[in-house]
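Structural features, examined
The residues making up each chain are set out below.
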Amino acid sequence: MSRVLDVYIDGGFVASAATATIPVTNPADQSVIVQAPYTTMDEINRAVAAAKAAFRQWRLVPASERARLLMVYQARLKEHQDEIAEILCQETGKTFADAQGDVWRGIEVVEQACNIPAMMMGETAENVARGIDTYSLIQPLGVCVGITPFNFPAMIPLWMFPMAIACGNTFVLKPSEQDPMTPNRLVELFYESGFPKDLVQLVHGGKEQVDALITHQDTKAISFVGSVAVGQHVYRTGTDNLKRVQCMAGAKNHMIIMPDADKNQVISALVGASVGAAGQRCMAISVAVFVGAAREWIPELKEAMAKVRPGAWDDNAAGYGPQISAAARERILGYIEKGKLEGATCLLDGSDCTVDGLPDGNWVGPTLFSDVTPEMTIYKDEIFGPVLVAGNVDSLDEAIQLINDNPYGNGTSIFTNSGGAARKFQSEIEVGQVGINIPIPVPLPFFSFTGWKNSFYGDQHAYGKQAVRFYTETKTITARWFSSDVVADANMTIALK
Ligand code: NAD
């Protein structure tokens, strides 16, 4: 059997006592790279206990010292960016450029976490009553938990534990069982940066391990990223157990194409945003809404999409890699079939895609449907593959209504040359992240990742200032001090009355 990945529990990386494991495969050829252990319940309990014990000391370390360690971590991640990207390519199949981007977007969050001293400052008001001051302290919570999806195995863990640690918490990370090698490397580099032991515990597994963490009496806050169904389960179970919970969930992101937009920009943006990263991005554009005469560009869009082909991670000509698993590929092919049965026009069909020399890979070619209407399954469900569905409307108002009626609200975009249309769109659209002539408007980490509706359950969002609020508690102090001077003042105050 292939090597079993270590876990980090109670003082260091160790082999898990688990007897059950999950094979981690190379999605380009199905070879098994490594096995991830289903961490035992005893190990989960030991991980939480070790994180709880480490919290007692870590919360006392000044924020500026915590920031200095994060600066070392940031530099170390940068040094190892390509090496991490290569590990990531092997287990996800992403192209090398995509994998480098995955790591880089995570490094940017670590960079932002280095600003923690200023982000954890409280407020002060002098003399709220005579001789009395009120001020607030921003304090960490304790043991926080992160549960992450397969599609960004570097970026999404790095959305979570660096911010939580910066705030003075400790952390238990349970990454996706489909690509756990990248998170292992991130945690190794974390400890190589000089952080004290036990701040971050790393466990592997699936539902049982997640459920143990989100119901454990000593975990305080849960960050989850993944599908809507699992997100709802984590949110309900976590909040029922009185945890603070944030769940970033699934999506169906629309791009509105106005007839006054720049056609070449539209086509190039649509191709990259729909099939890039094999469509396995929560901010991918999966619905194109053509307004009025813009629908005449659909044949050119089809031509441009047809030129993109998937391939292995080290094939420089490949536009994107394979789907993460054979099951994911089967699910996507099922949607393509359903789209045809439900009456959409399949202009480009990626079902029979093959790649030379890699007959067993999870390949799906670029797929384009037109004449898609809101009651069709391919419109309603998140397909999470390189499938773009296109529909037509007659006005901007109609396009806005369509998007506002959709239950998801992660990202959306408008392509137009009209400032008035863009302004109306940004004001009226009920989606949390909006692009204007930008297809995938993912905010940089000094903002927060602000999905809405069924794409997010919770209150405070990931990274930026909202992450600091999520990973901390505010304590408000009201203070009065007695001294002989103050007594004199008090007498004078009385005398003035
Ligand atoms: P997933 O929901 O299958 O898995 C996410 C995590 O939950 C994994 O760690 C997995 O082990 C765990 N899990 C799976 N089933 C579980 C269960 N029944 N109970 C408890 N835990 C369980 O998601 P995925 O397929 O890995 O990722 C793709 C999904 O993530 C897509 O829906 C995508 O839109 C979403 N996503 C959202 C964002 C965002 O910011 N909104 C970002 C990235 C991905």
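Our subject in this report is the structure included herewith. Predicted model, so just to flag it, every value in this text is computed and none were measured.

Here's the deal with helix α12 (residues 326-341)
Look at α12: 23 Å from first C-alpha to last across 16 residues, which is about the 22 Å you get at 1.5 Å a residue. For α12, the set of buried residues is Ala328, Arg329, Ile332, Leu333, Tyr335, Ile336 and Gly339. For α12, the buried positions fall inside an angular range of 155° around the axis, keeping them on one side. Among the exposed residues of α12, those pointing more than 90 degrees away from its buried face are Ala327 and Leu341. Check the buried side of α12 and you find it contacts β15 (367-370), α13 (377-380) and β16 (387-393). Looking one or two places after α12, you find Gly343, whose phi comes out positive at around 100°.

Notes on the packing of helix α2 (residues 63-79) against helix α4 (residues 96-113)
Their axes nearest at 9 Å, the elements α2 and α4 cross at an angle of 165°. With respect to each other, α2 and α4 are oriented roughly antiparallel. Helix-helix and strand crossings are classified by hand; for α2 and α4 the assignment is left-handed. Along the contact surface, α2 presents Leu70, Tyr73, Gln74, Leu77 and Lys78, while α4 presents Trp104, Ile107, Val110, Glu111 and Ala113.

Comments concerning the packing of α2 against helix α6 (residues 155-166)
Contact geometry of α2 with α6 gives a least axis separation of 9 Å together with a crossing angle of 155°. Put simply, α2 runs roughly antiparallel to α6. Contacts between α2 and α6 pair Arg66, Leu70, Tyr73 and Leu77 from the former with Leu158, Phe161, Pro162, Ile165 and Ala166 from the latter. Partitioning the contact of α2 with α6 into residue classes produces eight nonpolar, no polar and one charged.

Parameters at a glance
- Residues numbered from 1 in each chain as written.
- Predicted model: local features only at pLDDT ≥ 70, side-chain atom pairs only at ≥ 80, totals over all residues.
- Heavy atoms only, no water.
- Helix = DSSP H or I, 4+ residues; strand = E, 2+ residues; numbered from the N terminus.
- Expected span 1.5 Å × (residues − 1).
- Buried < 20%, exposed > 50% of the residue type's maximum accessible area, 1.4 Å probe, protein only.
- Arc of directions from axis to C-beta.
- Contact = heavy atoms within 4.5 Å.
- Axes fitted to C-alpha atoms, helices over the stretch in contact; angles between N-to-C directions.
- Parallel < 35°, antiparallel > 145°, perpendicular 65-115°, else oblique.
- Left-handed = near helix turned anticlockwise from the far one by under 90°.
- Nonpolar A, V, L, I, M, F, W, Y, C, P; charged D, E, K, R; others polar.

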